[in-house]
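# Observations on the three-dimensional arrangement
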Amino acid sequence: MKLSEYTMAVLKNFSTINSGLVLNPGTLQRTMSPEKSVLVEAELDDSMPIKFGIYDLNLFLGNISTLSNPEVMFTKEEGVMSDGTFTLNFKPCSPELIISPPDKSLSIDEPDAVFDLSSALIGKILRLASMNTLPFLSVSGNAGGLFLQAHDKNNSASNYAKTRMGDWNGTEFNISIKTENVKMIPDDYLVEVKTGKFAKFTSRNRKLVYFVALETK
């Protein structure tokens, strides 16, 4: 099979969360950061035939990119990539060497807050956070509205960026996430929050879900 552009994009995104990956049979793939602060579930365009451990996902993807749109075949012994001129044989690793999500999927039965977050807004706040070295993103809902902020909550003298996303009629809340854990593929997301635990980001356009741990201090 030839991996689609979207499958490659998801796997590249996975590599920013965990350098290793265990591909499982089928289209649903999952990964988790070594710190267990980010968990992702994604439905790929391509169905994987077997379980296959990849210790260095960036290396695996780099080989595919270097070859010219290769055919990729997985066996228990190796992954074979061939573009008609070159063939590369990629050796798997034991799945036990890679930190992977538990088999049980996460869910939020009764979220404390639900709101939408657009691709444009995520992209802009992350650029501002990067330029100003702001380690936290916060979302708050109160009588004044729904606000998104990039800031350093441990340094009151630092720069900060803030925007009003809209009105808020729900229960008052305030959550923080480490900026380094916001590694979503650009898209519009429905966000569900469980205060003190995690936020769930569900893509509006793809079967793609991120669970991100909230800061509890």
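This text goes with the structure placed above it.
A brief structural summary.

Calculation notes
Residues numbered from 1 in each chain as written. Predicted model: local features only at pLDDT ≥ 70, side-chain atom pairs only at ≥ 80, totals over all residues. Heavy atoms only, no water. Helix = DSSP H or I, 4+ residues; strand = E, 2+ residues; numbered from the N terminus. Buried < 20%, exposed > 50% of the residue type's maximum accessible area, 1.4 Å probe, protein only. Contact = heavy atoms within 4.5 Å. Areas by Shrake-Rupley, 256 points an atom, 1.4 Å probe, with all protein chains shown as cover. Axes fitted to C-alpha atoms, helices over the stretch in contact; angles between N-to-C directions. Parallel < 35°, antiparallel > 145°, perpendicular 65-115°, else oblique. Left-handed = near helix turned anticlockwise from the far one by under 90°. Nonpolar A, V, L, I, M, F, W, Y, C, P; charged D, E, K, R; others polar. Salt bridge = Lys/Arg side-chain N within 4 Å of Asp/Glu carboxyl O.

### As for the overall build of the protein chain
For the protein chain, the count of helices and strands is 3 helices and 15 strands. Counting only C-alpha atoms and orienting by the principal axes, one finds that the protein chain spans roughly 60 × 35 × 30 Å. The buried share of the protein chain, taken over its 217 residues, is 47%. Here the contacts in the protein chain between residues at least 6 apart in sequence split such that 57% fall between residues at least 24 apart. Working note: accessible area of the protein chain is about 11700 Å², and carbon and sulfur atoms make up 49% of it.

### Observations concerning the environment of Leu208
Position of Leu208 among the secondary structure elements: in strand E15 (residues 208-213). Overall, Leu208 belongs to the buried group, its relative accessible area being 2%. Through-space distance from the C-alpha of Leu208 to that of Asn24 is 16 Å; in sequence the pair is 184 residues apart. For Leu208, the contacting residues outside a window of four places in its chain are Tyr6, Val40, Glu41, Ala42, Ile185, Tyr189, Phe201, Thr202 and Ser203.

### What to know about the side chain of Thr31
Its location among the elements puts Thr31 in strand E2 (residues 26-32). Judged by its relative accessible area of 2%, Thr31 falls in the buried class. Sequence-distant contacts of Thr31, that is, excluding residues within four places in its chain, are made with Phe14, Ile17, Asn18, Gly20, Leu21, Val38, Leu39, Val40 and Pro101.

### Observations regarding the packing of helix H1 (residues 5-15) against helix H2 (residues 57-66)
Close contact between H1 and H2 brings their axes to 9 Å; oriented N to C, the two are set at 150°. Considered as vectors, H1 and H2 are oriented roughly antiparallel to each other. Crossing handedness for the pair H1 and H2: left-handed. Here H1 contributes Met8, Leu11, Lys12, Phe14 and Ser15 to the contact with H2, which in turn contributes Leu57, Asn58, Leu61, Ile64 and Ser65. Residue composition of the contact of H1 with H2, by class: 6 nonpolar, 3 polar and 1 charged.

### What about the pattern of salt bridges?
By the definition in use, this model includes 5 salt bridges. For the salt bridge of Arg164 with Asp167, the shortest nitrogen-to-oxygen distance reads 2.8 Å. Taking relative accessible area as the criterion, Arg164 reaches 44% and is therefore assigned partly exposed.

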